[in-house]
Amino acid sequence: MGDLREILGKKLVFLDGGMGTLIQKAGLKAGELPESWNITHPETMREIHGSYVEAGSDIIVTNTFGANRLKFYSDKYSLSEIVSAAVKNARQGALAGLNMRKNAVRSKVSDSTYDTAYVMLDIGPTGKLLKPMGELDFEEAVSVFKEVIEIGVATGVDGIYIETMSDTYELKAAVLAAKEVCDLPVFATVVLDENGRLLTGADIRTVIALLEGLRVDALGINCGLGPKTMLPFVKEVISASSIPVIMKPNAGLPVSREGETYYDIGAEEFAGYIKEAIESGAALVGGCCGTMPCHIKAVYDLCHQLKVLPIVEKGETIVSSGSVSKAINERPVIIGERLNPTGKKALKEAIKLKDYAYLVKEGLAQIEAGAQILDVNVGVPEINEKEVLPEAIVKLQNSISAPLQIDSVDIDACEKAMRLYNGKPMLNSVNGKIESMNSVFPLIKKYGGVVVGLCLDEAGIGESAEGRYAIAQKIIKEAEKYGIKKKDIVIDALTLTISSDKNAAKITLAALKRIKEELGVCTVLGVSNVSFGLPARDLINSNFYAMALNNGLSAGIINPLSGRMMQTYYSYLALNGYDDNFNDYIDKYSDFRENAVYATESSRRSGEDKPDESPDMKKTSLDVSNNNNPELSATWLEELRIAVIKGLKEDSMKITSRLLEKKSSMDIIEKALMPALDEVGLKFEAKTFFLPQLLMSAQAAKAAFELIREKMNTDMVDLNNEKAAGNNKIILATVKGDIHDIGKNIVKVLLENYGYDIIDLGKNVEPSQILEIAKEKDVTLLGLSALMTTTVGSMEATIKLLQEEKPDCKVMVGGAVLTQEYADQIGADFYGKDAMSAVRYAKEYFKS
């Protein structure tokens with residue numbers, strides 16, 4: 001059997017369809033784990049796999065979607081036994097299916113039928129949110145995935161198929177696990193909502209940046225959506241991806257008929273949408289929930305003579321965080337420079353004290369001022385950079401969605417930071433020295449990233465434009481040996497101070513222009529270096545910045561708090577056609593006056609901090625240490641509201657402590673905390689905030705509530721002025737047979753912040769247990785969650801039992817496989833498409 005990579009992008013590849021759907025039809029009982037059938041019903045599993053190969057599948061995946069130590073629980077079988085049996089069943093089923101396919105008339109179409117079927121190990125999500133949104137540590141997630149992959153590889157799979165991922169951080173953990181265990185092909189697909197985003201907020205281009213950086217072999221979308229709804233998103237993936245694209249939609253939307261779940265799109269209609277995807281450039285196609293061998297056969301029959309379109313290298317230089325990506329190719333980008341301790345006493349002190357809240361506030365200030373990427377350098381002699389840099393990166397990513405540039409000369413610190421980074425970072429830097437390239441390029445190859453290449457080598461900084469150009473050429477050529485393309489390199493022609501060489505700026509600009517035009521790579525400069533040692537540095541910096549932009553600068557590392565620098569930037573965009581309808585320029589300068597002050601207090605610190613500056617690390621953005629002036633109370637309330645919205649937990653606690661000395665608890669709650677939570681909820685529903693921001697805000701609010709609770713020595717029910725204690729209780733549970741509780745846990749966090757008394761029954765909960773607790777606690781509102789198609793029947797059974805035995809109990813339902821129509825069919829009182837909708841329903845219910 002040849003390497004699976006040999007056919008990718010060259011021939012159309014047919015994947016298999018739903019697994020849970022067929023196991024359920026074969027008799028899977030409520031609460032029974034599908035993976036256990038690998039041992040208890042091996043003949044059924046072989047038949048399912050074989051039926052897909054007979055229908056035309058070239059690749060089938062093992063029945064191991066939920067097989068990991070966090071989700072799979074069994075007193076009878078070990079994880080090793082389950083995974084090994086799954087691989088064996090798939091391999092034997094594939095051979096049987098091939099024999100049947102070879103005997104079929106359609107197998108005579110030689111140019112699109114293969115004489116083999118590949119078996120890939122199916123890896124699903126852990127069912128847990130990773131820190132900081134959840135409790136699962138990143139390295140623990142890697143370990144969980146590694147354990148399964150090691151078993152699968154030892155049993156003889158042909159590749160690793162990672163699917164149904166809704167969090168880029170967990171996705172990265174799974175891909176890294178696969179890469180560290182084996183060199184087999186790795187596919188990765190994600191599940192999108194109707195807006196084309198992951199649960200944690202990432203859009204399509206952000207996912208592609210991560211996966212291409214990690215060097216997976218194929219990527220795409222599965223589950224969550226039917227083929228019609230998924231098709232536009234697949235086309236978007238094709239337009240942005242430089243590797244083969246996968247499409248595996250559900251068979252439409254689920255419907256309930258007589259207690260069983262069906263999907264509303266038949267095989268022929270399904271195949272029609274898949275054909276359109278192939279004609280648009282999809283290279284691997286199959287199905288997910290609700291699809292069966294008949295769907296795959298219909299796709300094969302309609303499409304097997306189609307040719308796969310050539311894969312086009314897009315060449316975009318893109319960096320990303322866990323939810324945001326930024327292209328550097330066309331419109332110039334601002335990299336904020338102020339998270340660098342050089343000349344900044346307050347920042348140095350914060351780094352030494354590990355006061356990461358200070359770094360977060362400094363970063364947020366730069367983002368609000370217009371920076372799109374933040375440079376992060378913690379190079380202070382008194383610290384252990386291998387420890388502090390990764391911690392700083394994680395803390396910043398907890399609160400800031402913008403991509404980061406990891407800036408250090410410590411290779412070990414860089415590796416640890418890159419490993420824990422959520423997304424595809426910039427790395428500053430590599431240079432033309434062989435030692436540097438041998439150390440840095442392996443990190444880019446393994447973890448993905450855009451590396452800054454400095455135009456210096458063993459001979460030093462190139463003294464001429466030609467010398468720097470030659471070093472840039474050497475860096476690009478050496479990178480090719482590691483499979484690193486030009487799109488993942490940004491060249492720094494190096495800005496030297498004109499105070500020591502009057503021609504320094506001219507040489508840099510000449511090198512910049514030639515590198516951009518002749519080598520075709522993006523460029524970067526640390527702009528403010530040009531004015532070192534001179535007065536009124538912003539004057540020099542802003543003019544040099546304009547000259548650099550006109551000579552091909554892609555990304556300027558600048559102080560975004562400088563008025564002059566930002567005026568240069570927005571003027572350049574307007575003059576060069578990068579600002580449609582001049583929206584940005586007008587928004588910034590519609591009230592600009594000729595005699596306006598050019599620089600803010602922060603911008604006057606664009607070089608070194610002033611000698612008389614001394615940090616007060618106890619201060620927040622508002623000086624809450626002075627609490628003697630009662631007129632400050634209203635300002636403190638507003639600051640608390642802002643701190644909660646921004647997810648600044650430490651600020652929230654500090655301000656709340658001061659406010660409690662002057663204001664009543666109800667004032668703090670009603671005038672700051674609840675308005676903040678409501679605003680965050682509205683932003684979440686409007687898709688301007690996403691799950692990370694939602695949960696960080698919730699944690700900041702929770703910290704404030706806990707301080708208030710301690711002072712009042714009472715519970716949150718009284719503080720929120722809800723119904724009398726005992727009457728605002730809500731039961732939450734993931735239904736029997738379902739072991740995914742991410743959605744339920746998110747709803748729990750939000751409801752608790754709004755003051756509801758949550759009784760969390762956990763996951764895989766029997767209907768009878770839910771009823772028992774509802775009666776015992778006299779609960780009249782509960783929420784049920786289900787992710788898997790095999791468990792929505794348990795949800796319906798639970799609702800039916802409650803209607804019969806406790807008819808005064810209202811039921812909210814939610815989960816990836818549910819729709820409003822399906823919720824109505826199973827008798828739910830409310831369908832929540834997201835966590836905030838559940839909060840809204842609870843508020844309305846308890847008001848009635």
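So, how was this worked out
- Residues numbered from 1 in each chain as written.
- Predicted model: local features only at pLDDT ≥ 70, side-chain atom pairs only at ≥ 80, totals over all residues.
- Heavy atoms only, no water.
- Helix = DSSP H or I, 4+ residues; strand = E, 2+ residues; numbered from the N terminus.
- Rg over C-alpha atoms; globule rule 2.2 N^0.38 Å.
- Buried < 20%, exposed > 50% of the residue type's maximum accessible area, 1.4 Å probe, protein only.
- Contact = heavy atoms within 4.5 Å.
- Lys, Arg positive; Asp, Glu negative; His and termini not counted.
- Charge placed at Lys NZ, Arg CZ, Asp CG, Glu CD.
- Pairing = 2+ DSSP bridges.
- Axes fitted to C-alpha atoms, helices over the stretch in contact; angles between N-to-C directions.
- Core = buried A, V, L, I, M, F, W, Y, C linked by side-chain atoms within 4.5 Å.
- Expected span 1.5 Å × (residues − 1).
- Disulfide = S-S within 2.5 Å.
- Salt bridge = Lys/Arg side-chain N within 4 Å of Asp/Glu carboxyl O.
- Phe/Tyr/Trp six-rings, centres within 6.5 Å; stacked < 30°, edge-to-face > 60°.
- Lys NZ or Arg CZ within 6 Å of the ring centre and 35° of its normal.
- Right-handed = clockwise from strand over helix to strand, strands pointing away.
- Patch = residues over 30% accessible without salt bridge, like charges linked within 9 Å, V, L, I, M, F, W, Y side chains within 5 Å.
- Areas by Shrake-Rupley, 256 points an atom, 1.4 Å probe, with all protein chains shown as cover.

> Looking at this structure, how should I read the overall build of the chain?
A count of helices and strands for the chain gives 30 helices and 27 strands. Over its C-alpha atoms the chain spans a radius of gyration of 29 Å, differing by no more than 12% from the 29 Å that the globule rule assigns to 848 residues. With respect to the principal axes defined by its C-alpha atoms, the chain has extents near 80 × 70 × 50 Å. Counting across all 848 residues of the chain, residues that qualify as buried make up 60%. Relative to all contacts within the chain whose residues are 6 or more apart in sequence, the contacts with residues 24 or more apart total 76%. In the chain, 97 side chains carry a positive charge and 117 a negative one; their mean positions are 2 Å apart.

> For this particular structure, what's the right way to read the sheet that holds strand 16 (residues 426-431)?
As a general point, the strands of a sheet are linked pairwise by backbone hydrogen bonds and lie either parallel or antiparallel. If you trace the eight strands once around the closed barrel, you get 13-14-15-16-17-20-21-22, paired in parallel fashion. Taken pair by pair, the neighbouring strands of this sheet meet at an average axis angle of 30°, ignoring direction. Sheet topology note: the strand 16/strand 17 (residues 450-454) ladder contains five bridges and is parallel. By the bridge assignment, Asn431 is partnered in strand 17 with Leu454. Sheet strands in contact with helix 15 (residues 434-447) are strand 16 and strand 17, and its direction is about 155° off that of strand 16.

> Can you walk me through the nonpolar core in this structure?
Proteins that are soluble and globular tend to have nonpolar side chains buried together. Among the nonpolar cores identified, the biggest contains 217 residues, and Ile160, Ile162, Leu171, Leu359, Ile515 and Ile730 are the most heavily contacted of them. Sequence-distant contacts of Ile160, that is, excluding residues within four places in its chain, are made with Met120, Leu121, Ile123, Ile149, Val153, Ala178, Cys182, Pro185, Val186 and Phe187. Counting residues in hydrophobic clusters, the runner-up holds 28 residues, among them Val779, Ala786, Leu802 and Tyr831.

> Which parts of the structure should I look at to understand the sheet that holds strand 25 (residues 781-785)?
Strand order in the open sheet formed by five strands is 24-23-25-26-27, and the pairing between neighbours is parallel. At either margin of the open sheet sits one strand with a lone partner, and together these are strand 24 (757-760) and strand 27 (830-831). The strands that helix 26 (residues 742-753) touches are strand 23 (729-734), strand 24 and strand 25; relative to strand 23, the one it contacts most, it runs at about 165°. Along the sheet face, helix 27 (residues 767-777) touches strand 23, strand 24 and strand 25 and points at about 170° away from the line of strand 23.

> Looking at this model, I keep getting lost on helix 12 (residues 356-369). Mind explaining?
Three- or four-residue spacings in an α-helix give side chains the same orientation, since the helix completes a turn every 3.6 residues. Look at helix 12: 20 Å from first C-alpha to last across 14 residues, which is about the 20 Å you get at 1.5 Å a residue. For helix 12, the tally of buried residues reaches 10 of 14 residues, placing the bulk of the element in the interior. The complete set of buried residues in helix 12 reads Tyr356, Ala357, Leu359, Val360, Lys361, Glu362, Gly363, Leu364, Gln366 and Ala369. Where helix 12 ends, the next residue or the one after it, Gly370, has phi of about 130°, a positive value.

> It is not clear to me how the state of the cysteines should be interpreted in this structure. Could you clarify?
Defined simply, a disulfide is a covalent bond joining two cysteines at their sulfur atoms. For the coordinates displayed, the defined rule picks out zero disulfides. Take Cys294: it sits in no disulfide, and the sulfur closest to it among the cysteines is that of Cys303, at 15 Å. A relative accessible area of 40% places Cys294 in the partly exposed class. What makes Cys303 buried here is its relative accessible area of 0%.

> Help me out: how do you make sense of the environment of Met696 in this one?
With respect to the helices and strands, Met696 occurs in helix 24 (residues 691-712). Spatially, the C-alpha atoms of Met696 and Leu648 are 7.7 Å apart, while their sequence positions differ by 48 residues. When near neighbours in sequence (up to four residues on either side) are disregarded, Met696 contacts Pro132, Asn398, Ser399 and Gly647.

> Which parts of the structure should I look at to understand the pattern of salt bridges?
Oppositely charged side chains can form a pair if their charged atoms are brought close together. Scanning the model with the defined rule gives 46 salt bridges in all. Between Lys487 and Glu212 there is a salt bridge; the shortest N-O distance is 3.1 Å. With a gap of 275 residues between them, Lys487 in the loop between helix 16 (465-480) and strand 20 (489-492) and Glu212 in helix 7 (residues 204-213) connect regions that are remote in the sequence. With respect to burial, Lys487 and Glu212 carry one shared label: buried. One salt bridge connects Lys354 with Glu387, and the closest N-O pair in it is separated by 2.0 Å. Taken together, the residues Lys354 in the loop between helix 11 (345-352) and helix 12 and Glu387 in helix 13 (residues 385-399) connect sequence positions 33 residues apart. The exposure class assigned to Lys354 is partly exposed, which follows from its relative accessible area of 33%.

> Explanation requested: the packing of aromatic side chains in the structure shown.
How two aromatic rings sit relative to each other is set out by the distance from centre to centre and by the angle between their planes. Counted under the stated rule, the structure contains 12 aromatic pairs. Put simply, the rings of Tyr569, Tyr570, Tyr585, Tyr589 and Phe592 touch in pairs and so form one group of aromatic residues. Lying over the aromatic face of Tyr469, Arg514 brings its terminal NZ or CZ to 3.8 Å of the ring centre. The lysine or arginine in question, Lys687, covers the ring of Phe684, its NZ or CZ lying 5.6 Å from the ring centre.

> In this structure, what is going on with the side chain of Lys248? I would like to understand it.
Following the sequence through the fold, Lys248 ends up in strand 7 (residues 245-248). Ignoring any residue separated from it by four or fewer positions in sequence, one finds Lys248 in contact with Leu15, Asp16, Tyr161, Ile221, Asn222, Cys223, Met230, Gly286, Gly287 and Cys288.

> When you look at the pairing of strand 4 (residues 159-165) in this model, what are you seeing that I'm missing?
Two faces belong to every sheet, and in a regular strand the side chains alternate between them. Within strand 4, seven of the seven residues are buried, which leaves it mostly tucked inside the rest of the structure. Bridge count for strand 3 (residues 118-123) against strand 4 is four bridges, and the pairing is parallel. From the neighbouring strand, Asp122 faces strand 4, where its bridge partner is Tyr161. Handedness of the β-α-β unit built from strand 3, helix 5 (residues 138-155) and strand 4 comes out right-handed. Note that strand 4 and strand 5 (residues 186-190) share four bridges and pair parallel. Paired with Met165 across the bridge in strand 5 is Val190. Since strand 4 and strand 5 lie parallel, the crossover through helix 6 (residues 168-181) that links them has a hand, and here it is right-handed.

> Help me understand a nonpolar patch on the surface, please; the structure alone is not making it clear to me.
A grouping of Phe582, Tyr585 and Ile586 is seen on the molecular surface, where their side chains present a nonpolar patch of about 290 Å² in accessible area. Relative to the assigned elements, Ile586 resides in helix 20 (residues 583-589). Given a relative accessible area of 47%, Ile586 falls into the partly exposed group.

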